[in-house]
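# Topology and contacts: notes
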Amino acid sequence: MKKYEKVFREDYERWHRENEAYRERVAADPRRLAFHLMPETGWLNDPNGLCQFHGEYHIYYQYTPFEPTGELKLWGHYSTRDFLTYVRHEPVLFPDQDFDAHGVYSGSALAEGDVLHCFYTGNVKYFDRPDYDYIMTGRGSNTVHVTSRDGENFSEKKVVLTNADYPEDMSGHVRDPKVFKGSDGAYHMVLGARDKESRGLVLFYESADLEHWVYRGRLSTKNPFGYMWECPDVFCLDGQLLLVCCPQGVPRRGLDFWNVHQCTYMKLTADRQTGACSVDEADIRMLDRGFDFYAPQTFLDEQGRRILIGWMGIPDADYGNPTVDAGWQHALTIPRELSFSKGRLIQKPLRELGALRSGCRIYEDLAGLCAESGIVYEAELTFTECLRMEMKLREGVSLRYEGGHGEGGILTLDLGEKGAGRKERPVRLDGLRGLQVFSDTSSLEIFVNGGEEVFTTRVYGQKGGMEVAGACAGRAVVYDLKSFSYAEPDEKTGLGDACRRNGSDGSEKNQKNT
Ligand code: FRU
């Protein structure tokens, strides 16, 4: 595929037929993850369109199947009913129109009755002049609406907003629509943006019919906080209105913001009279402390859980992933359930993942623990006291806690030589009470103190061995973990495929909801 040429479904299907050997090469890589979603080949970034629709969870994602460095963005698609067994579907959206020719970029889904509405950014780069900088000029960011009745076949694409509709002081970078229904019954959309003075912000739109959108205002900080805010998500959690977004261009501050781009959550206050929101600027917090976490998205499932999945990667980092040599790169995080307590966002691994546990070993005495673990495991550590601790997670990789800094201490993840350029990431804690570590073949997700802090990172090195030492006491439980299973698309999806093969694009042009 050529970088700046449209990709049609037929191009992909032809390419797919011709690339079985590529798929086999990727599948044979020992660094393929056991319980994380990955691109079958090539590149993956943001989770998109997360939703539960008629009982089934849909996980779309930014996908470049053709090569591992991520040039042309499609929407890939997984579905699952239990977060354990997944169906890998064909991509659903291709950059095949003038208004999305250079990327079907990130967006969201909203299930309304029998119709799934998806919104995404159609990315366009113009080449008619030599002097475009592609920031202030030369870039089109179209907000596009598509619908589906099965999550697999989508309607004709409809542009609902173009750059001309965004406020005049916006740069060309406006993207990542997240759409939700308010308690007032109106539909709301937030878009991430960079203004002409290179300040990051969020734009708010409102609609009564999901087609006509009216600008309702913006949200930013009084003091600039980065030049661009990507992937905004606004939701109310346990009584607190929150904005999760990814500010770019925020300098390191103390132990915070060490990554090239940030993923933050901000508490919002809505003005009772005007409804306008403001950010509690003094309290912008990091969602994750690891090297590889970006562009998360949340959704409410049918049980009312606020579930988050993130991209276990980050753009523009000065460290990489050696899996590129095997023809693939990146993965999604495990799904996490969110809650809000005592001013903090709490992340907990989704309880369904408990079914991956197989062998279980209990260590009643933490200090001095030496476990015969491989590299795919879950470990739960509960501390009754901890002044100092060093936990070896696998060969060459450790978590160190040093108490005595004021009231609490500092917990540091150290990847040594196993991080492919990733070294150390710290967090200050008010004490170390618990750790829940999910270790996969080439990733770590570490939930600290019941999910008050999380470290998400890729890691390389195939040799296991877990040890705990130091001035600490407590208990540990270590589990082996089974892999995700993959099922074939069910009959319904099969019909959709047959429908496309028979020449229809599965479009719903004639349905009144589109
Ligand atoms: C975030 C992001 C989004 C954009 C997408 C393109 O990682 O840059 O802002 O829509 O990736 O793949």
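Please read these numbers as outputs of a predicted model, since none were measured by experiment.

Moving on, we get to the overall build of the protein chain. Across its full length, the protein chain holds three helices and 35 strands. Overall size of the protein chain, expressed as C-alpha extent along the three principal axes, is 65 × 55 × 45 Å. Considering only contacts within the protein chain whose residues lie at least 6 apart along the sequence, 60% involve residues at least 24 apart.

As a structural note, the neighbourhood of the ligand is formed by Asn-45, Asp-46, Gln-62, Lys-73, Tyr-105, Ser-106, Arg-175, Asp-176, Glu-230, Cys-231, Tyr-294 and Trp-311. Side-chain polar atom of Asp-46 to an oxygen atom of the ligand: 2.8 Å apart, as the coordinates give it. Protein burial of the ligand: of its 320 Å² of free accessible surface, 92% is covered by the chains. Elements with a minimum of two residues in the shell around the ligand: β1 (42-53), β5 (104-112), β9 (170-181) and β13 (228-237). Counted by class, the shell around the ligand contains four nonpolar, three polar and five charged residues.

This next bit is on the UniProt feature "domain: Glycosyl hydrolase family 32 C-terminal" (unreviewed entry) in the protein chain. Per the UniProt record, "domain: Glycosyl hydrolase family 32 C-terminal" (unreviewed entry) is found at residues 435-466. Between the C-alpha atoms that bound residues 435-466 the distance is 14 Å, and the span itself is 0% helix and 59% strand.

All chains considered together, the criterion is met by 37 salt bridges. In this structure, the salt-bridge partner of Glu-206 is Arg-216, at a minimum N-O distance of 3.2 Å. Of this pair, Glu-206 sits in strand β11 (residues 200-207) while Arg-216 sits in strand β12 (residues 214-219); the two residues are 10 residues apart in sequence, bridging distant segments of the chain. For Glu-206, a relative accessible area of 23% translates into the label partly exposed. Given a relative accessible area of 54%, Arg-216 falls into the exposed group. Taken together, the shared-partner salt bridges connect Asp-256, Arg-289, Arg-344 and Glu-453 into one network.

Whenever strands of a sheet pair, they do so through backbone hydrogen bonds, lying parallel or antiparallel. An order of β18-β19-β21-β22 is seen for the four strands of this open sheet, with the pairing classed as antiparallel. Every interior strand has two partners, whereas the edge strands, β18 (294-300) and β22 (344-349), have only one. Across the sheet, the mean angle from the axis of one strand to that of its neighbour is 35°, orientation sign disregarded.

So, on to helix α2 (residues 20-27). Among the residues making up α2, those that are buried are Tyr-22, Arg-23 and Val-26. Take α2 and look down its axis: the buried residues cluster within an arc of 100°, on one side only. For α2, exposure combined with an orientation more than 90 degrees from the buried face picks out Ala-21 and Glu-24.

It is worth spelling out the sheet that holds strand β35 (residues 485-487) at this point. Overall, mixed pairing links the six strands, which are arranged β20-β1-β2-β3-β4-β35 in an open sheet. Sheet topology places β20 (328-329) and β35 at the edges, where each strand pairs with a single neighbour.

Residue position: Asp-176 is located in strand β9. Notably, Asp-176 is buried but unbridged: the nearest opposite-charge side chain belongs to Arg-175, and the N-O separation is 4.1 Å. Polar side-chain contacts of Asp-176 include one of 2.9 Å to the backbone nitrogen of Cys-231. Not counting residues within four places of it along the chain, the set of residues in contact with Asp-176 comprises Ser-106, Thr-121, Val-190, Leu-191, Glu-230, Cys-231 and Pro-232.

Per the UniProt entry, the sites bearing "domain: Glycosyl hydrolase family 32 N-terminal" (unreviewed entry) are residues 36-349 in this numbering. The span residues 36-349 is 0% helix and 52% strand, and its two end C-alpha atoms sit 13 Å from each other.

Bringing helix α1 (residues 9-18) into the picture now. What α1 keeps buried is the set Arg-9, Asp-11, Tyr-12 and Trp-15. Seen along its axis, α1 keeps its buried residues to an arc of 160°; they face one direction. Counted as exposed and oriented over 90 degrees from the buried face of α1: Glu-10, Arg-17 and Glu-18.

With a phi angle near 70°, Leu-210 is a residue other than glycine that sits in the positive phi range. Its place among the elements puts Leu-210 in the loop between β11 and β12.

So, on to the pairing of strand β33 (residues 466-469). Sheet faces and side chains relate simply in a regular strand, where the side chains alternate between the two faces. Here β33 shows a clear split, with Met-466 and Val-468 buried on one side and none of Glu-467 and Ala-469 buried on the other. Relative to β33, strand β24 (residues 370-371) runs antiparallel, the two being bridged by two bridges. Considered in β33, the bridge of Cys-370 is made with Glu-467. With three bridges connecting them, strand β26 (residues 388-394) and β33 associate as antiparallel partners. Within the sheet, the bridge partner assigned to Lys-392 lies in β33 and is Glu-467.

Before going further, it helps to spend a moment on the environment of Gly-103. You can see Gly-103 is positioned in the loop between β4 (85-93) and β5. Sequence separation between Gly-103 and Tyr-120 is 17 residues; the distance between their C-alpha atoms is 9.9 Å. Those residues in contact with Gly-103 that lie beyond four places of it in its chain are Lys-73, Pro-95, Thr-121, Gly-122 and Asn-123.

Where a protein is soluble and globular, its nonpolar side chains tend to be buried together. Of all hydrophobic cores here, the largest spans 82 residues; its most connected members are Met-389, Met-391, Leu-393, Leu-411, Leu-432 and Leu-435. No other element matches the five residues that strand β25 (residues 377-386) contributes to this core. If we skip the residues at most four places from it in the chain, Leu-435 touches Ala-379, Glu-380, Leu-381, Phe-383, Met-389, Met-391, Leu-399, Leu-411, Ile-446, Phe-447 and Val-448. Of all hydrophobic cores here, the second largest spans 17 residues; its members include Phe-119, Val-160, Val-179 and Ala-193.

A few words now on the packing of aromatic side chains. Under the defined criterion, the tally for this structure stands at 27 aromatic pairs. Seen from their ring centres, Phe-119 and Trp-213 are 5.7 Å apart, and the 85° between their planes marks the pair as edge-to-face. In this pair, Phe-119 sits in strand β6 (residues 115-125) while Trp-213 sits in the loop between β11 and β12, placing the two residues 94 residues apart along the sequence. Of the residues examined, Trp-213 reaches a relative accessible area of 9% and is grouped as buried. Members of the aromatic cluster, joined through ring pairs, are Tyr-61, Tyr-63, Tyr-78, Tyr-86, Phe-484 and Tyr-486. Across the ring face of Tyr-486, the terminal group of Arg-88 is positioned such that the distance to the ring centre comes to 5.3 Å. Lying over the aromatic face of Trp-258, Arg-252 brings its terminal NZ or CZ to 3.7 Å of the ring centre.

Definitions and cut-offs
Residues numbered from 1 in each chain as written. Predicted model: local features only at pLDDT ≥ 70, side-chain atom pairs only at ≥ 80, totals over all residues. Heavy atoms only, no water. Helix = DSSP H or I, 4+ residues; strand = E, 2+ residues; numbered from the N terminus. Contact = heavy atoms within 4.5 Å. Near = heavy atom within 4 Å. Polar contact = N/O pair within 3.5 Å; in protein donor to acceptor, adjacent residues only side chain to side chain. Areas by Shrake-Rupley, 256 points an atom, 1.4 Å probe, with all protein chains shown as cover. Nonpolar A, V, L, I, M, F, W, Y, C, P; charged D, E, K, R; others polar. UniProt positions renumbered as here; feature names shortened; annotations may be inferred. Salt bridge = Lys/Arg side-chain N within 4 Å of Asp/Glu carboxyl O. Buried < 20%, exposed > 50% of the residue type's maximum accessible area, 1.4 Å probe, protein only. Pairing = 2+ DSSP bridges. Axes fitted to C-alpha atoms, helices over the stretch in contact; angles between N-to-C directions. Arc of directions from axis to C-beta. Lys, Arg positive; Asp, Glu negative; His and termini not counted. Core = buried A, V, L, I, M, F, W, Y, C linked by side-chain atoms within 4.5 Å. Phe/Tyr/Trp six-rings, centres within 6.5 Å; stacked < 30°, edge-to-face > 60°. Lys NZ or Arg CZ within 6 Å of the ring centre and 35° of its normal.

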